[in-house]
Amino acid sequence: LQSEQGSYKILFLPWHQYMSYDFNPRIIANPAPDFFGEQIISGDNAEFGDVYSDSTDPMSAYIEKEILAKAGMSGLATRLATKKIKYVALAHGPDWNQYAFLSLDPQLKLISADSSLVVYENLEYR
């Protein structure tokens, strides 16, 4: 993905700022921004105590209201494409199976899967 040209975005899930991953059982900050760079969209919801999120990022609000809250509803790929999201990367972690709705959208093509990461290409992206 890093070698591909363009101004597309990558949505990284699960949508958490902090969690444990299969490669590290301790709770850590989401590594996606460091690994993928500025094209990544990842959770910035602290989920600390009574505070779910104090994010002011409009993209975060869009992901939560238009993508996650409407999981399984038709038009997912189109909603992603309106925000220039070409790829969705799903890391295996404690709740990764809650994102099974991704595999149900015919416009999200599975392009890579291994024991730690699944990647879909958004065929609605132009």
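Residues numbered from 1 in each chain as written. Predicted model: local features only at pLDDT ≥ 70, side-chain atom pairs only at ≥ 80, totals over all residues. Heavy atoms only, no water.

I'd like a description of the sheet that holds strand β1 (residues 9-13), backed by residues and values.
With mixed pairing, 5 strands are arranged side by side in an open sheet as β4-β1-β5-β7-β6. Edge positions in the sheet fall to β4 (40-41) and β6 (108-113), since each of these pairs with one other strand and no more. Here β1 runs beside β4; their pairing, made up of 2 bridges, is parallel. By the bridge assignment for β4, Leu11 is matched with Ile41. Here helix α2 (residues 58-68) sits on the sheet and contacts β1, β4 and β5 (85-91); the angle it forms with β1, its principal contact strand, is near 65 degrees. (Pairing = 2+ DSSP bridges. Helix = DSSP H or I, 4+ residues; strand = E, 2+ residues; numbered from the N terminus. Contact = heavy atoms within 4.5 Å. Axes fitted to C-alpha atoms, helices over the stretch in contact; angles between N-to-C directions.)

Pulling in residues and values, what's your account of the nonpolar core?
Leu11, Leu13, Ile63, Leu80, Val88 and Leu102 are the most contacted members of the largest nonpolar core, which totals 19 residues. Among the secondary structure elements, those contributing two or more residues to this core are β1, α2, α3 (76-81), β5 and β7 (117-122). Excluding residues that lie within four positions of it along the chain, Val88 makes contacts with Leu11, Leu13, Leu80, Leu102, Val118, Val119 and Tyr120. Within the second largest apolar cluster, 10 residues are counted, among which are Ala32, Phe36, Ala91 and Val119. (Core = buried A, V, L, I, M, F, W, Y, C linked by side-chain atoms within 4.5 Å. Buried < 20%, exposed > 50% of the residue type's maximum accessible area, 1.4 Å probe, protein only.)

Hey, could you go over the packing of aromatic side chains for me, with residue numbers and the actual values?
Ring pairs (aromatic) are described by centroid distance and by the angle formed between their planes. Going through the model one piece at a time under the given rule, you end up with 2 aromatic pairs. On the numbers, 5.4 Å between centres and 75 degrees between planes, the contact of Tyr8 with Tyr87 is edge-to-face. With a gap of 79 residues between them, Tyr8 in the segment before β1 and Tyr87 in strand β5 connect regions that are remote in the sequence. Their ring planes at 40 degrees and their centres at 6.1 Å tell us that Tyr99 and Phe101 sit as a pair that is tilted. Residue Tyr99 shares its accessibility class with Phe101, and that shared class is buried. (Phe/Tyr/Trp six-rings, centres within 6.5 Å; stacked < 30°, edge-to-face > 60°.)

Outline the side chain of Gln39, supporting the account with residue identities and numerical values.
Counting through the fold element by element, Gln39 comes out in the loop between α1 (32-36) and β4. We classify Gln39 as buried; its relative accessible area is 18%. Residue contacts for Gln39: discarding those within four places in its chain leaves Tyr8, Lys9 and Ile10.

Explain the pairing of β6 residue by residue, including any values.
Across 5 bridges, the pairing between β6 and β7 is antiparallel. When the sheet's bridge partners are listed, Leu108 is paired in β7 with Asn122. The antiparallel pairing of β6 with β7 creates a hairpin that spans 3 residues between the two strands.

Talk me through the pairing of β7; I want residue IDs and the actual numbers.
As paired strands, β5 and β7 are joined by 5 bridges and run antiparallel to one another. Bridging across to β7, Leu90 finds its partner in Val118.

I'd like a rundown of the environment of Arg126, residues and numbers included.
Inspection of the secondary structure assignment puts Arg126 in the segment after β7. Between the alpha carbons of Arg126 and Lys86 there is a distance of 8.3 Å; along the sequence they are 40 residues apart. Here Glu124 takes part through its backbone oxygen, which lies 3.3 Å from a polar atom of the side chain of Arg126. (Polar contact = N/O pair within 3.5 Å; in protein donor to acceptor, adjacent residues only side chain to side chain.)

An account of α2 is needed here, citing residue identities and associated values.
Considered for burial, the residues of α2 that qualify are Ser60, Tyr62, Ile63 and Ile67. Buried residues in α2, looked at end-on, bunch into an arc of 155 degrees, giving them a common side. Facing away from the buried surface of α2 by more than 90 degrees, the exposed residues are Pro58 and Lys65. Packing partners of the buried residues in α2 comprise β1, β4, α3 and β5. (Arc of directions from axis to C-beta.)

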